[in-house]
Amino acid sequence: MEFPYTFPQDRRYDVAGFGTNAVDYLIRVPNYPEFGSKVELTEYSQAAGGEVATTMVGLARLGLKTAYAGRFGDDAAGDFGVQTLADEGVDISHAERIAGAGTQIAFIVIDGTSGERTVIWQRDAKLAFTRDEAPLSLVRDARVLHLTPHDTAACLAMAQAAKAAGTIVSIDIDNVFDGVEEVLQNVDILIASSEFPERFLGISDPRTALSEMRARFGCGIVGVTLGANGALLLGPDGQFVESAGFEVPGGCRDTTGAGDAFRVGLLQGFFRRESIADAARRANAVAALKCRAVGARTALPDPDELQAFLENS
């Protein structure tokens, strides 16, 4: 089953991202703490994250040209977040610093036995985009627009502009936002978290939920990530692709950003003109490699590392 879209040519960027960035404070503990307990941490670090920003970094490491549009505060966390993108070769000419705003942060508690994490986050309301503030010019410079729908009106404007420009629209969605239905009508590649279909549709069976989303919104590819179990995708011919997860080399240390890493591998696979099944396998490989280390971006692979893992797994 093949990727159902043709990428536009002669664009400045392969993928432009619009949406969330964050600075993460990661706390690894031997076991997830019980209510009212005290637990000594085993590891603590600061690292850059955020769904869209992390995906742009992952794609840049794999050799794609990426740009990021989003907002940071004018604080030290914002300095750190912007610099990490620039250091990875992500174009930040559409990134903004907002005076008096705090950069989005997350405190992430990681269970040392499993690598599973709990995220406690905060986003300053001053970082939000209105529809009129959406950087529409960016979509005409990109072959793919990848977004999260936190600022729904602005995301809708971006997606509509992308469709008008022939730019492929990819969305990363894990929660229900007001007006998201209209955004999804302009999406080509919809990859959701495992929890999203039931939250959104009230349908617990993933196959039924994916079929319903395809029927409602007409996305060429719809899918859900399933953690260690891999992913389930529905292709344009109505056939499902089940893609198993990989064992994490050396054991899973942190699942933070694993879903972002999956989207990195999937989009790279499509740029390589791989089938949906092969691109999904690549996506699961990137996610597994990411989980080797603490932090959303720390262990995202380079091309040689990813290829060696795929050939030997």
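For the structure, check the block above.
Residues numbered from 1 in each chain as written. Predicted model: local features only at pLDDT ≥ 70, side-chain atom pairs only at ≥ 80, totals over all residues. Heavy atoms only, no water.

Caption draft 1: Structural view of the overall build of the protein chain. Helices and strands together make up the secondary structure of the protein chain, namely 9 helices and 14 strands. Against the 2.2 N^0.38 benchmark of 20 Å for 313 residues, the protein chain shows a C-alpha radius of gyration of 18 Å, consistent with a compact globule. Along the longest, intermediate and shortest principal axes, the C-alpha atoms of the protein chain span 55 × 45 × 40 Å. Looking at the protein chain residue by residue over its 313 residues, the buried ones come to 56%. Taking all contacts inside the protein chain whose residues are at least 6 apart in sequence as the whole, residues at least 24 apart take part in 67%. As displayed, the protein chain offers around 13,100 Å² of accessible surface, 46% of which is attributable to carbon and sulfur atoms. Charge-centre separation for the protein chain: the mean point of 28 positive side chains lies 3 Å from the mean point of 43 negative side chains. (Helix = DSSP H or I, 4+ residues; strand = E, 2+ residues; numbered from the N terminus. Rg over C-alpha atoms; globule rule 2.2 N^0.38 Å. Buried < 20%, exposed > 50% of the residue type's maximum accessible area, 1.4 Å probe, protein only. Contact = heavy atoms within 4.5 Å. Areas by Shrake-Rupley, 256 points an atom, 1.4 Å probe, with all protein chains shown as cover. Lys, Arg positive; Asp, Glu negative; His and termini not counted. Charge placed at Lys NZ, Arg CZ, Asp CG, Glu CD.)

Caption draft 2: How the structure looks around the packing of aromatic side chains. With the rule as written, the count across this model stands at 10 aromatic pairs. Residues F18 and F129 carry aromatic rings whose centres are separated by 5.0 Å and whose planes lie at 70° to one another, so their mutual orientation is edge-to-face. Separated by 111 residues along the polypeptide, F18 in strand β1 (residues 13–18) and F129 in the loop between β8 (117–122) and β9 (142–147) bring together distant segments of the chain. A single burial state applies to F18 and to F129, both of which are buried. Taking the centre distance of 5.0 Å and the plane angle of 20° together, the rings of F196 and F200 count as stacked. One end of the pair is F196 and the other is F200, both in helix α5 (residues 196–201) and 4 residues apart, which spans about a single turn. Across the pair, F200 and F196 agree in class, each one buried. By way of ring pairs, the aromatic residues F3, Y5, F7, F270 and F271 are connected into one cluster. (Phe/Tyr/Trp six-rings, centres within 6.5 Å; stacked < 30°, edge-to-face > 60°.)

Caption draft 3: Just the layout of surface pockets, in detail. If you add up the space inside the largest pocket, you get close to 1,400 Å³. Taken together, 46 residues form the lining of the largest pocket, with R117, T255, G257, A258 and G259 sitting closest to its centre. For the lining of the largest pocket, the secondary structure elements donating two or more residues are β2 (22–29), β7 (105–111), β8, α7 (258–271) and α8 (276–290). Among the elements that take part in the lining of the largest pocket, α7 stands out by supplying 5 residues, more than any other. For the lining of the largest pocket, a count of residues per class yields 17 nonpolar, 18 polar and 11 charged. As for the second largest pocket, its lining consists of E2, F3, Y5, T6, F7, Q9, R143, F270, F271, R273 and E274. Its residues placed into classes, the lining of the second largest pocket shows 5 nonpolar, 2 polar and 4 charged. (1 Å grid on protein atoms, 1.4 Å probe; cavity = no way out; pocket = protein on both sides within 12 Å on 5 of 7 lines; lining within 4 Å. Points joined across faces, edges and corners; volume = space filled by probe spheres on them. Nonpolar A, V, L, I, M, F, W, Y, C, P; charged D, E, K, R; others polar.)

Caption draft 4: Structural detail: α8. With 15 residues, α8 ought to run about 21 Å at 1.5 Å a step, and its terminal C-alpha atoms sit 21 Å apart, in line with that. Judged by how many residues are buried, α8 sits mostly within the fold: 12 of 15 residues are covered. Three or more residues of α8 are buried, namely I276, A279, A280, R282, A283, N284, A285, V286, A287, A288, L289 and K290. (Expected span 1.5 Å × (residues − 1).)

Caption draft 5: View of empty space enclosed by the protein. Counted according to the given criterion, the structure contains 1 cavity of 30 Å³ or more. The computed volume of the largest cavity comes to approximately 90 Å³. Forming the walls of the largest cavity are 15 residues, and the residues nearest its centre are G19, T20, Y68, R123 and D151. Here the lining of the largest cavity is built from residues that sort into 5 nonpolar, 7 polar and 3 charged.

Caption draft 6: Quick peek at the side chain of E51. Within the element layout of this structure, E51 appears in helix α1 (residues 51–61). The buried charged residue E51 lacks any salt bridge partner; its closest oppositely charged side chain belongs to R117, at an N-O distance of 7.7 Å. Of note is the side chain of E51, whose polar atom sits 2.6 Å from the side chain of T20. Leave out the neighbours within four places in its chain, and E51 touches T20, T148, H150, D172, D174 and D260. (Salt bridge = Lys/Arg side-chain N within 4 Å of Asp/Glu carboxyl O. Polar contact = N/O pair within 3.5 Å; in protein donor to acceptor, adjacent residues only side chain to side chain.)

Caption draft 7: Region of interest: the sheet that holds strand β11 (residues 189–192). The 8 strands lie next to each other as β4-β1-β9-β10-β11-β12-β13-β14, forming an open sheet whose pairing is mixed. Two strands close off the open sheet at either side, each with one partner strand: β4 (66–69) and β14 (240–243). The sheet shows a mean angle of 15° between the axes of neighbouring strands, taken without regard to direction. Summarising the sheet, strand β10 (residues 168–173) and β11 pair through 4 bridges and their orientation is parallel. What sits directly across from D172, in β11, is I191. Across the sheet, α1 touches β1, β4, β9 and β10, and the angle it forms with β4 is around 165°. (Pairing = 2+ DSSP bridges. Axes fitted to C-alpha atoms, helices over the stretch in contact; angles between N-to-C directions.)

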